[in-house]
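# Observations on the three-dimensional arrangement
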Amino acid sequence: MAGAQVSALAAVARVYVSRDAAAVALGADETAAALVDASRSSGAGIELVRIGSRGMVWLEPLVEVEVGGKRVGYGPVTAGQVKALLEAGMLQGADHALRLGVVDELPYIARQERLTFARVGVIDPVDLDQYIAHDGYKGLKRALGMTGAQVVQEVTDSGLRGRGGAAFPTGIKWKTVLDQQTDQKFVVCNADEGDSGTFSDRMLMEGDPYCLIEGMTIAGVAVGATQGYIYLRVEYPHAEIALRAAIATAKQRGYLGRDVLGSGKTFELDVRMGAGAYICGEETSLLESLEGKRAEVRFRPPLPAIKGLFGKPTIINNVISLASLPMILERGATFYKDYGMGRSRGTLPIQLAGNIRHGGLVEKAFGVTLRELLYDFGGGSASGRPIRTVQVGGPLGAYIPESQFDTPLDYEAFTAIGALVGHGGIVAFDDTVDMARMARYAMEFCAVESCGKCTPCRIGSTRGVEVLDRIIAGGPERKANLALLEDLCDTMQYGSLCGLGGMTPFPVQSALKHFPEDFSRDR
Ligand SMILES: Cc1cc2nc3c(=O)[nH]c(=O)nc-3n(C[C@H](O)[C@H](O)[C@H](O)COP(=O)(O)O)c2cc1C
Ligand code: SF4
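### Side note on the site of ligand 2
Lining the immediate surroundings of ligand 2 are 13 residues, of which Cys451, Lys453, Cys454, Cys457 and Cys498 lie closest. Tallied by class, the residues present in the shell around ligand 2 amount to eight nonpolar, four polar and one charged.

### A few points about the domain arrangement of the protein chain
In terms of domains, the protein chain is made up of domain 1 (2–105), domain 2 (128–335), domain 3 (339–430) and domain 4 (435–520). One C-alpha centre belongs to domain 1, the other to domain 4, and the line joining them spans 49 Å.

### As for the site of ligand 1
The immediate surroundings of ligand 1 are formed by 20 residues, with Gly164, Asn190, Asn317, Asn318 and Ser321 found nearest. Between an oxygen atom of ligand 1 and a side-chain N or O atom of serine 321, the distance comes to 2.6 Å. Protein contacts shield 91% of the accessible area of ligand 1, which totals 610 Å² for the unbound molecule. Of all the secondary-structure elements, those providing two or more residues to the shell around ligand 1 are β10 (314–318) and α21 (499–503). The greatest single-element share of the shell around ligand 1, amounting to three residues, is contributed by β10. By residue class, the composition of the shell around ligand 1 is four nonpolar, ten polar and six charged.

### Points about the packing of aromatic side chains
For the coordinates displayed, the defined rule picks out twelve aromatic pairs. A centroid spacing of 5.0 Å and a plane angle of 75° characterise the contact between tyrosine 278 and phenylalanine 445, whose relative ring orientation is edge-to-face. Of this pair, tyrosine 278 sits in the loop between β9 (268–273) and α12 (283–290) while phenylalanine 445 sits in helix α18 (residues 435–449), and the two are 167 residues apart along the sequence. Summarising the burial analysis for this pair, tyrosine 278 and phenylalanine 445 share the class buried. On the basis of an interplanar angle of 65° and a centroid distance of 5.8 Å, the ring pair of tyrosine 399 and phenylalanine 429 is categorised as edge-to-face. Pair noted here: tyrosine 399 is in strand β16 (residues 399–401) and phenylalanine 429 is in strand β17 (residues 425–430), with a separation of 30 residues, a long-range link. Judged on exposure class, the residue tyrosine 399 and its partner phenylalanine 429 are both buried. In this arrangement the basic side chain of arginine 71 is found over the ring face of tyrosine 16, its NZ or CZ atom lying 3.5 Å from the centre. Across the ring face of phenylalanine 377, the terminal group of arginine 111 is positioned such that the distance to the ring centre comes to 4.8 Å.

### Points about helix α10 (residues 209–223)
Over its 15 residues, α10 runs 22 Å from end to end, which matches the ideal 21 Å to within 8%, given 1.5 Å per residue. Of all 15 residues that make up α10, 15 are buried, and the element is covered over most of its length. A positive phi of about 80° marks glycine 224, the residue just after α10.

### Examining the side chain of histidine 358
Structurally, the position occupied by histidine 358 is in the loop between β13 (347–354) and β14 (360–365). Of note is the side chain of histidine 358, whose polar atom sits 3.5 Å from the side chain of tryptophan 58. Filtering out sequence-adjacent residues up to four positions away, histidine 358 remains in contact with Trp58, Tyr108, Leu352, Phe377, Gly378 and Gly379.

So, how was this worked out
- Residues numbered from 1 in each chain as written.
- Chains lettered and ligands numbered in written order.
- Predicted model: local features only at pLDDT ≥ 70, side-chain atom pairs only at ≥ 80, totals over all residues.
- Heavy atoms only, no water.
- Near = heavy atom within 4 Å.
- Nonpolar A, V, L, I, M, F, W, Y, C, P; charged D, E, K, R; others polar.
- Domains from an automatic or database assignment.
- Polar contact = N/O pair within 3.5 Å; in protein donor to acceptor, adjacent residues only side chain to side chain.
- Areas by Shrake-Rupley, 256 points an atom, 1.4 Å probe, with all protein chains shown as cover.
- Helix = DSSP H or I, 4+ residues; strand = E, 2+ residues; numbered from the N terminus.
- Phe/Tyr/Trp six-rings, centres within 6.5 Å; stacked < 30°, edge-to-face > 60°.
- Buried < 20%, exposed > 50% of the residue type's maximum accessible area, 1.4 Å probe, protein only.
- Lys NZ or Arg CZ within 6 Å of the ring centre and 35° of its normal.
- Expected span 1.5 Å × (residues − 1).
- Contact = heavy atoms within 4.5 Å.

If you want it as structure tokens, here you go:
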């Protein structure tokens, strides 16, 4: 979406408003329209640029005005406030109650390490020239001058681990695909983003779609895959529009297609809409769904890297994993690896959600603590009450109590406390939360979303809801029901075919362990 030239007057102010779905839900389109109307009727010239979101969701609709080469922010700005702001001199960066200061200098932004999200909220997402002007396609150009094995080695050396949840080393997965001798290989992007409290994939695809496209192209040329698919969550219409527009331009300009940048290598890319169930995000059922079948989990082995889409070797990676590649190839493995702690290298786009004052996206190097995220960035709970617990890593993630908020965000540190980092979503709850009901919710979620292939998950989750209902109701059988629940959790954890049934016990058991009082009180 090119910037709309509203007036050709000499002093044209450049104004930025997000087109991200969260900003639009909060009124960004109306604010943008009001800006165009008011500037037109007042004779002020503006060039309106629609961008991705900076990730400060509580400030949306955020209006940024370019003044002296810097962007001054005002927010949240409703459509009704636009006229008064223009009269107060917003286009010149004048003082006002809604003036936030230079956006890049706001502590929420300045304290981040934005590597993967460097361009999100900065450039017009589907303007290829802006992408290129902001270091876009440098990574692919470098990759095209390397052998596939060298690219795979660079990815391995960077220490990148899958951001979809399992944290499997990306380079090792790619090496398996590289080593297969076959007529056809595929690259599949897992953009189903089903975890509760997560939205980094969506923000990246809406705010910087070329970054994902470039990452997938790098993957394709590295392992010899000529076709890529983005399996996109069906509830992401804004991302679909951005991706399709960016793919069309990339094809037109020779960044995709039969002869990528004159290299003689082919990489085609298409978007496929997801089937609308949580299990569609599990990689093997995603492949089933992509083949036009019901999304049901496959037995492993064989791994998708050996026998994946249509039985061919397939790289399947999360959006953020793939979007980290352009920067890794551009700046080198060492640059990326220098961020982070232990075996968790690089950065993670963390999503703050739930009962939190400043919800949004924070990209930080691994090692930042939950407490820093919740208080320094999140500003504490939205309700003003103490934060009692957070669930990290989606609906299958453990509940972490306040006493463990100093745990650094690190895959191994989280494993040590029985938790998971997953896709980096953090959902906060204040002290009014009833943890027995949250445990029940976990079982109910599993019962609703189970693909039905294996018994511990299909039947176990339904029995789990019933047992928890009896525990919540109280009575003399409570102790026996608690023992039964523990037993059931063991069966689900060790007997399920995939992570849905296998990890549902995590929220249940962590709630039982850290908040036993909620399971023993009468309501
Ligand atoms: C029930 C279930 C749901 C999942 N949903 C997603 C999802 O929405 N997005 C995602 O990237 N990975 C999801 N995963 C993880 C994928 O199976 C897989 O590990 C991932 O796509 C691999 O990419 P990565 O190595 O880049 O993380 C899910 C796993 C399970 C068990
Ligand atoms: S654990 Fe649940 S979702 Fe996974 S294969 Fe078994 S029934 Fe399907």
